[in-house]
Structure formats: C-alpha cells, structure tokens
Amino acid sequence: MILAKIVGTVVATRKDERLVSSKLLVARPIDPAGKPEANYLVAVDTVDAGVGETVLIVSGSSARMAAGLKDCPVDAAIIGVVDQIDVKG
Amino acid sequence: MQIARVIGDVVATVKDAALTGHKLLVLQPVTPDRQATGRTLVALDAIGAGVGEHVFFVRGKEASFPFLPAETPADACVVGIVDHWDVD
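Residues numbered from 1 in each chain as written. Chains lettered and ligands numbered in written order. Predicted model: local features only at pLDDT ≥ 70, side-chain atom pairs only at ≥ 80, totals over all residues.

Asks: Account for the overall build of chain A, naming residues and giving values.
Replies: Looking only at helices and strands, chain A has zero helices and six strands in total. From first element to last, N terminus to C terminus, chain A shows the α and β order β-β-β-β-β-β. Along the first, second and third principal axes, the C-alpha atoms of chain A reach 45 × 25 × 20 Å. Counting across all 89 residues of chain A, residues that qualify as buried make up 36%. For chain A, long-range pairs separated by at least 24 residues make up 51% of all intrachain contacts whose partners lie at least 6 apart in sequence. (Helix = DSSP H or I, 4+ residues; strand = E, 2+ residues; numbered from the N terminus. Buried ≥ 20, exposed ≤ 12 C-beta atoms within 10 Å, placed from the backbone. Contact = placed C-beta atoms within 7 Å.)

Structure, rendered in structure tokens:
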C-alpha cells in the first residue's frame, strides 16, 4: 500500500457501468514525512475520504478486493484514512 | 519477495472492514549492504514483525494470501523476519 494525500475529485459521466456511483479522487503519493513523491493518480474511494486527508491506497489487482469493488475495472482503491504515521527507525 | 527494514507504523481508524485487527507497517526496502533503496511503502503484517527489524515482504495480489479465506485488500505483506543474510 502507499500513503497519499487527496488533492481533488474526478467527475466522469461516461464510464464503465461498474464504476457508476463510485467516488473517484485524485491522490498524490507522499512519503511518511508528508513530502510529495511520484505522479498523481485516480483512485476509487471506499472509506468516504475527502480532499486534504492522508489515506492508504492499495494498487493492482488487490484493489478489487476492497469492499464493493469485486469485478470492477479498477487498479487503485482508497482503503483507509490515516490518523497517524510513526517513523522511528 | 524483497528485503526491507521496518521503520514505522501507521494508525488508521476508518478503513476497509477486512483490515480490522491487522498491523500496518512502514517499510524501507534495502540493498544487500543494508542501504535504503527505493520508495517507502506500507505493508500488512502476517507474522508479528516490529520496528527496526529486517523482514521480507511479498507484493501484489499474493500479499492477501496469508489472510485467506478472508478477502483482504492488500498489495504488500510482511511474510518473514530475517535472522541474517549473506551476499558474496
């Protein structure tokens, strides 16, 4: 999983029918210190996240194992809203 | 699988129901001479690893296999703690 910050939303009227009523958010991967890294991505939200929140994103075929995404054409799903990141090592 | 050092953990109250009770670890992949390489990532813990330990982890859909038959949305999972490793 990767850490990311939600930076926006996506609206798409024409889309795969299995994506109807899915919430799509634009996320920017970050490191544990909060520094942006890598490119933006679009992820399906399964936990009611919002802009500005730090979230956990699962990628690849595992994204389809998130609640409600079975057999959906997705490769990134938001599966957690991060409260706290502790880096000690 | 890749070797990494556990450098921290993540707390998330709101999360997928299948993740309840699982520990989320922050991993830093390392080279054979223990130098950090590549981006950090968050992985589930299947074996009770902790901060500071060297571990190996699996990526992709296989990361959810340790928790079968539960369908856990995981793309990275710690599956072993390294006692020692040698590279010639």
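Asks: Explain the interface of chain B and chain A to me, and be specific about the residues and the numbers.
Replies: Contacts between the two partners involve 32 residues from chain B and, on the opposite side, 30 residues from chain A. Where the side of chain B that touches chain A is concerned, the elements lending two or more residues are β1 (2-11), β2 (14-15) and β4 (41-45) of chain B. The greatest single-element share of the side of chain B that touches chain A, amounting to seven residues, is contributed by β1 of chain B. Taken together, the residues that form the side of chain B that touches chain A break down as 17 nonpolar, seven polar and eight charged. Pairing between strand β5 (residues 76-81) of chain A and β2 of chain B: two bridges, direction antiparallel. Within the sheet, the bridge partner assigned to G80 of chain A lies in β2 of chain B and is K15 of chain B. (Nonpolar A, V, L, I, M, F, W, Y, C, P; charged D, E, K, R; others polar. Pairing = 2+ DSSP bridges.)

Asks: Kindly report on the nonpolar core, identifying the contributing residues and their values.
Replies: Core analysis: the largest hydrophobic core is formed by 50 residues, its most contacted members being I57 and A77 of chain A together with V42 and A43 of chain B. Each residue touching A77 of chain A, except ones within four places of it in the same chain, is listed here: A43, V44, T46, I57, V58, A63, A66 and L69 of chain A together with P73 of chain B. (Core = buried A, V, L, I, M, F, W, Y, C linked by C-beta atoms within 7 Å.)

Asks: Let's hear about unusual backbone geometry: which residues, and what values?
Replies: Residue P69 of chain B is bonded to the preceding L68 of chain B through a cis peptide linkage, with omega at 5°. Topologically, P69 of chain B is positioned in the loop between β5 (54-59) and β6 (76-81). A positive phi angle, close to 65°, is found at D71 of chain A, a residue other than glycine. You can see D71 of chain A is positioned in the loop between β4 (54-59) and β5.

Asks: Hey, could you go over the environment of I30 of chain A for me, with residue numbers and the actual values?
Replies: All names here are of chain A. Along the polypeptide, I30 turns up in the loop between β2 (23-29) and β3 (41-45). Take I30: there are 20 C-beta atoms within 10 Å of it, and that puts it in the buried class. Beyond its immediate chain neighbours, meaning those up to four positions away, I30 contacts L3, A4, K5, K35, P36 and E37.

Asks: I'd like a description of the pairing of β4 of chain A, backed by residues and values.
Replies: Residue and element names in this part refer to chain A. Summarising burial for β4: five of the six residues are buried, a large majority. Two elements, strand β1 (residues 2-10) and β4, share four bridges in a ladder whose sense is antiparallel. Its bridge partner being in β4, K5 is matched across the sheet by T54. One ladder, built from five bridges, connects β4 with β5; its direction is antiparallel. Of the residues in β5, the one forming a bridge with V58 is A77.

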